[in-house]
Amino acid sequence: MRRAIYTELVDTGKFKAVYQPYTAQEGCETPYAVIKMYGDDGVPDNFKGQKEGFSIFIYTDPDSYVLIDSLVMAVREALDKVLLVYDSPVRYFRPEYIKTTEDAFDDRKNLFVKRVDFNIPGIRI
């Protein structure tokens, strides 16, 4: 799944790089994105339902939130309700946009950051 998400983000052409959590080097070129996957959760009132979550963290230079807002829209367009393919045998999934977090400043990296959250609905077997 992560590989399919990665490919979609790279294909937007908007990011200098796409990283896994905690692997972005100090001083790497911006803008860049980080894909963080979460475990699966049950769905209330649906004992066969499940959802897997992931977030895209977007990092930019701290000069304006205009760029980061346009990158949020690019991420949403690339992933929200888009059919993605992965694995062998072939499997399909369709992420659903959940929310975008508030403007934030990463004082360790000296960068602006926003998080865009998605769920991947599924069925527990």
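Just so it is clear, the structure is predicted and the values come from calculations on it, not from any experiment.

## Structural notes on the overall build of the protein chain
Check the secondary structure of the protein chain and you find two helices and eight strands. Taken from the N to the C terminus, the helices and strands of the protein chain come in the order α-β-β-β-α-β-β-β-β-β. Long-range contacts, defined here as pairs at least 24 residues apart, represent 53% of the contacts in the protein chain between residues at least 6 apart. Carbon and sulfur atoms form 48% of the exposed surface of the protein chain, whose accessible area is close to 7700 Å².

## A word on helix α1 (residues 2–11)
Where α1 is concerned, the buried positions are Ala4, Ile5 and Leu9. Seen along its axis, α1 keeps its buried residues to an arc of 135 degrees; they face one direction. Turned more than 90 degrees away from the buried face of α1, the exposed residues are Arg3 and Asp11. Once α1 ends, the next one or two residues include Gly13, with phi positive near 70 degrees.

## Things to note about the packing of aromatic side chains
Geometrically, a pair of aromatic rings is defined through the distance of the ring centres and the angle of the planes. All chains considered together, the criterion is met by seven aromatic pairs. Taken together, a centroid distance of 5.0 Å and an interplanar angle of 10 degrees make the contact between Phe54 and Phe118 stacked. Residue Phe54 is located in strand β3 (residues 46–60), and its partner Phe118 is located in strand β8 (residues 111–123); the two are separated by 64 residues in the primary sequence. Phe118 carries the same exposure label as Phe54, and that label is buried. Ring centres of Tyr86 and Phe93 lie 5.5 Å apart, and the angle between their planes is 75 degrees; on these two criteria the pair is classed as edge-to-face. Accessibility classification places Tyr86 together with Phe93 in one group, the buried group.

## With respect to the layout of surface pockets
Sizing a probe to match a water molecule and rolling it over the atoms shows the empty space that remains. What the largest pocket holds in volume is close to 310 Å³. As for the largest pocket, its lining consists of 13 residues, of which Pro21, Tyr22, Tyr59, Asp106 and Lys109 are closest to the centre. Looking at the lining of the largest pocket, the elements that each hand over two or more residues are β2 (32–43) and β3. Looking at side-chain class alone, the lining of the largest pocket contains six nonpolar, two polar and five charged residues.

## Some points on the pattern of salt bridges
Inspection of the entire model under this criterion finds five salt bridges. Arg115 is the salt-bridge partner of Asp117, the closest N and O atoms lying 2.7 Å from each other. Through salt bridges with shared partners, a single network forms among Asp69, Asp103 and Lys114.

## Section: the side chain of Asp117
Counting through the fold element by element, Asp117 comes out in strand β8. Within polar-contact distance, the side chain of Asp117 engages the side chain of Ser55 at 2.5 Å. Leave out the neighbours within four places in its chain, and Asp117 touches Phe54, Ser55, Glu96, Tyr97, Ile98 and Lys99.

About the thresholds
Residues numbered from 1 in each chain as written. Predicted model: local features only at pLDDT ≥ 70, side-chain atom pairs only at ≥ 80, totals over all residues. Heavy atoms only, no water. Helix = DSSP H or I, 4+ residues; strand = E, 2+ residues; numbered from the N terminus. Contact = heavy atoms within 4.5 Å. Areas by Shrake-Rupley, 256 points an atom, 1.4 Å probe, with all protein chains shown as cover. Buried < 20%, exposed > 50% of the residue type's maximum accessible area, 1.4 Å probe, protein only. Arc of directions from axis to C-beta. Phe/Tyr/Trp six-rings, centres within 6.5 Å; stacked < 30°, edge-to-face > 60°. 1 Å grid on protein atoms, 1.4 Å probe; cavity = no way out; pocket = protein on both sides within 12 Å on 5 of 7 lines; lining within 4 Å. Points joined across faces, edges and corners; volume = space filled by probe spheres on them. Nonpolar A, V, L, I, M, F, W, Y, C, P; charged D, E, K, R; others polar. Salt bridge = Lys/Arg side-chain N within 4 Å of Asp/Glu carboxyl O. Polar contact = N/O pair within 3.5 Å; in protein donor to acceptor, adjacent residues only side chain to side chain.

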